[in-house]
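# Structural features, examined
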Amino acid sequence: MENQTPCSITEEQVYKMIERVRCETHLSHKLATHAVNVVLENFSTLAPPPAVQVITEILSKLEVSPEAPLSLIDNTQDMTRLFVITEDLASVKDDAQQRSWELFDDQASIVEYLREFNCILTDADTAISKRFLHITDYYIVNCLAEYYQMETRWLIRNLLLQSFDLLCTLSRTAILVLIASVLPLELTRDVQNNINDKDKLLPVINVLTKIFSIGERLPIIYFDTIGKEFILQLLNLIESPSDDPDQEDIVIDLVNLILVYNLQFDENRSISDNLTIQALSQCDNPKIFSETLLLLFNRGKDPAKFLDHQPSAANSLLKIITDIFASDETSNLFYKNDVAVLIDIVLRNLVDNSPNYEERNEWLKLILRILQKIELSDYADKISKIQSCIEQFSKDEERKDLDQDCKLIADIEYVLSQRVSS
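Conventions we followed
Residues numbered from 1 in each chain as written. Predicted model: local features only at pLDDT ≥ 70, side-chain atom pairs only at ≥ 80, totals over all residues. Heavy atoms only, no water. Helix = DSSP H or I, 4+ residues; strand = E, 2+ residues; numbered from the N terminus. Buried < 20%, exposed > 50% of the residue type's maximum accessible area, 1.4 Å probe, protein only. Areas by Shrake-Rupley, 256 points an atom, 1.4 Å probe, with all protein chains shown as cover. Lys, Arg positive; Asp, Glu negative; His and termini not counted. Charge placed at Lys NZ, Arg CZ, Asp CG, Glu CD. Core = buried A, V, L, I, M, F, W, Y, C linked by side-chain atoms within 4.5 Å. Contact = heavy atoms within 4.5 Å. Axes fitted to C-alpha atoms, helices over the stretch in contact; angles between N-to-C directions. Left-handed = near helix turned anticlockwise from the far one by under 90°. Nonpolar A, V, L, I, M, F, W, Y, C, P; charged D, E, K, R; others polar. Polar contact = N/O pair within 3.5 Å; in protein donor to acceptor, adjacent residues only side chain to side chain. pLDDT = per-residue confidence, 0-100. Salt bridge = Lys/Arg side-chain N within 4 Å of Asp/Glu carboxyl O. Phe/Tyr/Trp six-rings, centres within 6.5 Å; stacked < 30°, edge-to-face > 60°. Expected span 1.5 Å × (residues − 1).

A tally of helices and strands in the protein chain yields 21 helices and zero strands. C-alpha extents for the protein chain along the principal axes are approximately 90 × 65 × 40 Å. Relative to its 422 residues, the protein chain shows a buried fraction of 47%. Of the accessible surface of the protein chain, which amounts to about 21,500 Å², a share of 49% is contributed by carbon and sulfur atoms. With 39 positive and 68 negative side-chain charges, the protein chain shows a spacing of 3 Å between the two charge centroids.

As structure tokens, then:
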């Protein structure tokens, strides 16, 4: 034992220590890791030198978030409980499927299952939750979606919404499973049925927004329910006067939902196939919607980028504004002063970022769409700035290897030469 070196401490041993603290204290995995770190750091000031060597080795492993082998993850308490909860919830779902009345008051037990499930997704090591979803082929995701369709009690539905929120944050594959399930249809009906009940409306909008945020196209049969008429309902809700003190936040949530819904429509297809643009073309003066778009656009941050999943979807703001200017029926959505502000924002992003800026191509595409639709004589000073910017880009040696940029720059120069001269 005297010759034992610090290297004898393994990541597996450190991970077991963290999980033991989590089990005994009910701290989250992250806080349990922090607790172990704090205790050992303080103990190292009191311990004899041989013990300090071991403590130092443990602390060094804590710094890099120790990873456990799958065999250890599969035998954690959290993994065991996930299997038990899934079995119990599947039984509840199957029971609900077979009867339309309650044989006994099962609400308390269902609430307990869901709260524990959500607590594990929130607090456990995410490697455990992701591993569980993978080895069970995402069974719990479909199970909960089907159960949501059957359940009518708001307390349980609200907990299910929290589960979907956590699953969307945890896994892109979970979102794909939800998109193909009955859930989008059920959530859309919930929006329509709870227009005047924000406590029920907002959690539903939050989950729908996360489901749509990856830009995956809905099954075509869903568009009868989640199509143009649904977007028109959202737009009407946005434009409706309200004395609610939270109305501004509610409007932003609704606009965000429209932004992410629009991500699924391929820009390479005809703009007439875009159901968002179809709805906007039929909405009479969506003033609040356009003002909110401009507000979000000026902030410079895509509100749809709240998940870290890869591949990531396009910038939702850039896409919808580009789509708006791609259609003759919606290109007049913004007032003249708003268009001037849009141009300033686009120029700022083109000038301030390097030629290799990931979204530069999309910004160039937007300025081209704007130039194709606006009356250039109304924006003489802005056009001059655009010309100077594009001339500089044409001379940029670093940009000459970027074929897409070069083509867009050439298209912009052509539009300017044709329309300014005329």
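Further remarks concern the nonpolar core. One finds Phe-289, Leu-293 and Phe-297 to be the most contacted residues of the largest nonpolar core, which totals 123 residues. Here this core takes 10 residues from helix H14 (residues 247-262), the largest share from any one element. Setting aside its immediate chain neighbours within four residues, Phe-289 contacts Leu-235, Ile-238, Glu-239, Val-255, Ile-258, Leu-280, Ile-320 and Leu-333. Ranked by size, the runner-up nonpolar core spans 11 residues in total, among them Ile-9, Val-14, Ile-55 and Leu-59.

Where helix H8 (residues 139-150) meets helix H11 (residues 183-193), the closest approach of the two axes is 9 Å, and the angle between their N-to-C directions is 35°. As for how H8 packs across H11, the hand of that crossing is left-handed. Facing H8, whose interface residues are Ala-145, Tyr-148 and Gln-149, H11 presents Leu-183, Glu-186, Leu-187 and Asp-190. Residue classes in the contact of H8 with H11 are distributed as four nonpolar, one polar and two charged.

Turning to helix H10 (residues 172-179), a few remarks are in order. Since the α-helix packs 3.6 residues into each turn, any two residues three or four apart lie on the same face. Among the eight residues of H10, six are classified as buried, and the element is accordingly described as predominantly covered. Structurally, the start of H10 carries an N-cap: the backbone nitrogen of Thr-173 is 3.2 Å from a side-chain oxygen of Ser-171.

Further remarks concern the confidence of the model for the protein chain. For the protein chain, mean pLDDT is 91; residues scoring 70 or higher make up 93% of the total. Below pLDDT 50 for its whole length, residues 1-6 participates in two contacts with residues either more than four positions away or in separate chains.

Our focus in this paragraph is the pattern of salt bridges. Applying the stated criterion across every chain yields a total of 23 salt bridges. The closest approach of N and O atoms between Asp-165 and Lys-210, which form a salt bridge, is 2.4 Å. Taken together, the residues span a long stretch of sequence, with Asp-165 in helix H9 (residues 154-170) and Lys-210 in helix H12 (residues 198-212) at a distance of 45 residues. You can call Lys-210 buried: its relative accessible area is 13%. Glu-362 is the partner of Lys-365 in a salt bridge, and the nearest nitrogen-oxygen pair spans 3.7 Å. In this pair, Lys-365 and Glu-362 both sit in helix H19 (residues 360-373), three residues apart, roughly one turn of the helix. Through salt bridges with shared partners, a single ionic network connects Lys-93, Asp-94 and Glu-146.

Moving on, we get to the packing of aromatic side chains. The relative placement of two aromatic rings is captured by the distance of their centres and the angle of their planes. By the definition in use, this model includes seven aromatic pairs. Their ring planes at 90° and their centres at 5.2 Å tell us that Phe-83 and Phe-132 sit as a pair that is edge-to-face. On the criterion of sequence distance, the pair formed by Phe-83 in helix H5 (residues 77-98) and Phe-132 in helix H7 (residues 126-135) is long-range, its members being 49 residues apart. Judged by its relative accessible area of 38%, Phe-83 falls in the partly exposed class. Residue classification places Phe-132 among the buried residues on the basis of a relative accessible area of 2%.

Here we take up unusual backbone geometry. With omega at -5°, the peptide bond leading from Gln-310 into Pro-311 counts as cis. Residue position: Pro-311 is located in the loop between helix H16 (287-299) and helix H17 (316-326).

Here we come to the side chain of Asn-37. By the secondary structure assignment, Asn-37 is in helix H2 (residues 29-43). Asn-37 gets classed as buried once you look at its relative accessible area, which sits at 18%. Residues in contact with Asn-37, not counting those within four places in the same chain, are Leu-59 and Leu-62.

Here we take up the environment of His-29. Within the fold, His-29 resides in helix H2. Among all residues touching His-29, those that are not within four sequence positions of it are Tyr-15, Ile-18, Glu-19, Arg-22, Asp-123, Ala-124 and Asp-125. Within the local environment of His-29, its side chain forms a polar contact with the side chain of Glu-19, the two groups lying 3.1 Å apart.

For H8, spanning 12 residues, the distance from its first C-alpha to its last is 17 Å, which sits close to the expected 16 Å at 1.5 Å a residue. Within H8 the residues assigned to the buried category are Ile-140, Val-141, Cys-143, Leu-144, Ala-145, Tyr-147 and Tyr-148.

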